[in-house]
Amino acid sequence: MSTSYLPATTDSIAQALEAKAPSESISIYYRILENPSSSPDALRIKEQAITNLSDLLRQENRAEELRSLLTQLRPFFALIPKAKTAKIVRGIIDAVAKIPGTSDLQISLCKEMVQWTRAEKRTFLRQRVEARLAALLMENKEYSEALNLLSGLIKEVRRLDDKLLLVDIDLLESKLHFSLRNLPKAKAALTAARTAANAIYVPPAQQGTIDLQSGILHAEEKDYKTAYSYFFEAFEAFNALEDPRAVFSLKYMLLCKIMVNQADDVAGVISSKAGLQYVGPELDAMKAVADAHAKRSLKLFEIALRDYKAQLEEDPIVHRHLSSLYDTLLEQNLCRLIEPFSRVEIAHIADLIELPVEHVEKKLSQMILDKKFAGTLDQGAGCLIIFDDPKTDAIYPASLETISNIGKVVDSLYVRSAKIMA
């Protein structure tokens, strides 16, 4: 980086843009920022230089330099309006976020900026950086720290009645409680976000995020039809904006179809005009699961889980629902296989269902405890003994009905005697 500064003019910007090597352009931008001039034109050129420089550093994956740039620009921030400062700071933090593997750096950067904004009394910017920090902490699974940060921030923002930021924070709180498996609080936070959103204009991307979270919560409550409609709304919003989250909304739509036993509709949704734009591993994974479900095949289901591990098992929302679907499929298959037998070797059932003996034995013992069928495991002989369904004795319901009728007779006699005595 050269010590001699360049004039803050459009010619200097053009010189940087015409430079052949990115390192040369970066050096020119730094030299423009070193210019001590604080005239309105110079400040405007410096703002442009900062934007271009942060883009170049992002393309070059120089995250540490972006962090030091933010520290270096603090004297410059005193010369420009607070709104422009907020825009530049958030722009640089966004640039760091686009560089892969920088989550720890982003957290430390946000913490530094929170301290600086507190010292400079820049409340507007601090609140937004704190919201960003809470989101990063949640992604890093530091849930307690994120929750502590959000609880204070929500009270402060509610006092100021900043509805747009309140929608962001309430939505973030809902996601955080959902990650902690606290469904009632997740729903309450989402309702608060919807209430705040109804009072203002919400950008389509934000509305799509609200619909996506609504769908996730409804799916968690096994209300898959309502969840599907919310995922569809989110998909339409993201699709119009060409947001990468559109493919996840579509994936969750297909998941809902599978969970309500409409796996045959999955191929139709994928081959629709909207679905064809997003054909790829995410949709292929859901199609493989739908095929396995339609054929009631555990082997195909396990092949799908193995082949599309990243798309199915590493997505916590899909994984949770598919685990329940897998258990249901396994139970149905086992019940169908053991139905003709009164005594059968566990190894034989494992061969028929094409699963390990230990896995089958564990599931059968669980089903017996859950009273899915009457039986016992003879582990010494490696056999499953199935009992006949015990026939209910008709004497008990008949006795209860007789006692009930006697009670009615006694009541009517009491009423009559009371009338006579009166």
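In this text the structure is predicted, and so the values were computed from the model without any measurement. (Residues numbered from 1 in each chain as written. Predicted model: local features only at pLDDT ≥ 70, side-chain atom pairs only at ≥ 80, totals over all residues. Heavy atoms only, no water.)

**Student:** So what's going on with the sheet that holds strand S2 (residues 375-378)? Which residues, and what values?
**Tutor:** One open sheet holds the 3 strands; their spatial order is S1-S3-S2, and the pairing between them is antiparallel. With one partner strand each, in any of the chains shown, strand S1 (343-345) and S2 form the two edges of the open sheet. On average, adjacent strands in this sheet sit at an angle of 20 degrees to one another, irrespective of strand direction. In terms of strand pairing, S2 meets strand S3 (residues 383-386) through 4 bridges, oriented antiparallel. Looking at the pairing, Thr376 lines up with Ile385 of S3. (Pairing = 2+ DSSP bridges. Helix = DSSP H or I, 4+ residues; strand = E, 2+ residues; numbered from the N terminus. Axes fitted to C-alpha atoms, helices over the stretch in contact; angles between N-to-C directions.)

**Student:** Explain the environment of Ser412 to me, using residue names and the numbers behind them.
**Tutor:** When you line up the elements, Ser412 lands in helix H23 (residues 395-421). Only 2.8 Å separates the side chain of Ser412 from the backbone oxygen of Val409, close enough to count as a polar contact. (Polar contact = N/O pair within 3.5 Å; in protein donor to acceptor, adjacent residues only side chain to side chain.)

**Student:** Describe unusual backbone geometry, with residues and values.
**Tutor:** The backbone phi angle of Arg181 is positive, close to 65 degrees, even though this residue is not glycine. Tracing the sequence through the fold places Arg181 in the loop between helix H10 (163-179) and helix H11 (183-198). The backbone of Glu242 shows a phi angle near 55 degrees, a positive value even though the residue is not glycine. Mapped onto the fold, Glu242 is located in the loop between helix H13 (224-241) and helix H14 (246-259). The class of Glu242 is exposed, set by a relative accessible area of 70%. (Buried < 20%, exposed > 50% of the residue type's maximum accessible area, 1.4 Å probe, protein only.)

**Student:** Break down the pairing of S3 for me, with residues and values.
**Tutor:** Here S1 pairs with S3 via 3 bridges, running antiparallel. Each bridged residue has a counterpart across the sheet, and for Arg343 the counterpart in S3 is Ile385. Two successive antiparallel strands, S2 and S3, enclose a turn made up of 4 residues, where Gly382 displays a positive phi of approximately 65 degrees.

**Student:** Before we move on, can you summarise the packing of helix H21 (residues 346-353) against helix H22 (residues 357-369) with the specific residues and values?
**Tutor:** Axis separation between H21 and H22 bottoms out at 9 Å; the angle between their running directions is 110 degrees. If you check the angle between H21 and H22, you find them roughly perpendicular. Every residue of H22 that contacts H21 at Ile346, Ala347, Ile349, Ala350 and Ile353 is listed here: Val357, Val360, Glu361 and Leu364. The residue inventory of the contact of H21 with H22, partitioned by class, reads 8 nonpolar, no polar and 1 charged. (Parallel < 35°, antiparallel > 145°, perpendicular 65-115°, else oblique. Contact = heavy atoms within 4.5 Å. Nonpolar A, V, L, I, M, F, W, Y, C, P; charged D, E, K, R; others polar.)

**Student:** Describe the pattern of salt bridges, with residues and values.
**Tutor:** When the charged atoms of two side chains with opposite charge come close together, those side chains can pair. Scanning all chains against the criterion turns up 26 salt bridges. Among the salt bridges present, the one from Lys372 reaches Glu331, with a minimum N-O distance of 2.8 Å. Linking Lys372 in the loop between H22 and S2 with Glu331 in helix H20 (residues 316-338), this pair joins segments that are 41 residues apart in sequence. When salt bridges that share partners are traced, they join Arg118, Arg126, Glu130 and Glu156 into one network. (Salt bridge = Lys/Arg side-chain N within 4 Å of Asp/Glu carboxyl O.)

**Student:** Account for the side chain of Gln213, naming residues and giving values.
**Tutor:** Looking at the element boundaries, Gln213 is found in helix H12 (residues 204-220). The contact partners of Gln213, leaving out residues within four places of it in the chain, are Leu171, Ser174, Lys175, Phe178 and Leu190.

**Student:** So what's going on with the domain arrangement of the protein? Residues and values would help.
**Tutor:** Per the domain assignment, the segments of the protein are domain 1 (1-100), domain 2 (342-389) and domain 3 (391-421). Look at where the C-alpha atoms of domain 1 and domain 2 centre, and you get two points 69 Å apart. (Domains from an automatic or database assignment.)

**Student:** I'd love a proper account of the packing of aromatic side chains, names of residues and values included.
**Tutor:** Each aromatic ring pair is summarised here by two numbers: the centre-to-centre distance and the angle between the ring planes. Going through the model one piece at a time under the given rule, you end up with 5 aromatic pairs. Between Phe76 and Phe77, the aromatic rings sit 6.5 Å apart at their centres with planes inclined by 50 degrees, giving tilted as the arrangement. The burial state of Phe76 is the same as that of Phe77; both residues are buried. Note on Phe77 and Trp116: the rings are 5.7 Å apart at their centroids and 55 degrees apart in plane angle, and the pair reads as tilted. (Phe/Tyr/Trp six-rings, centres within 6.5 Å; stacked < 30°, edge-to-face > 60°.)

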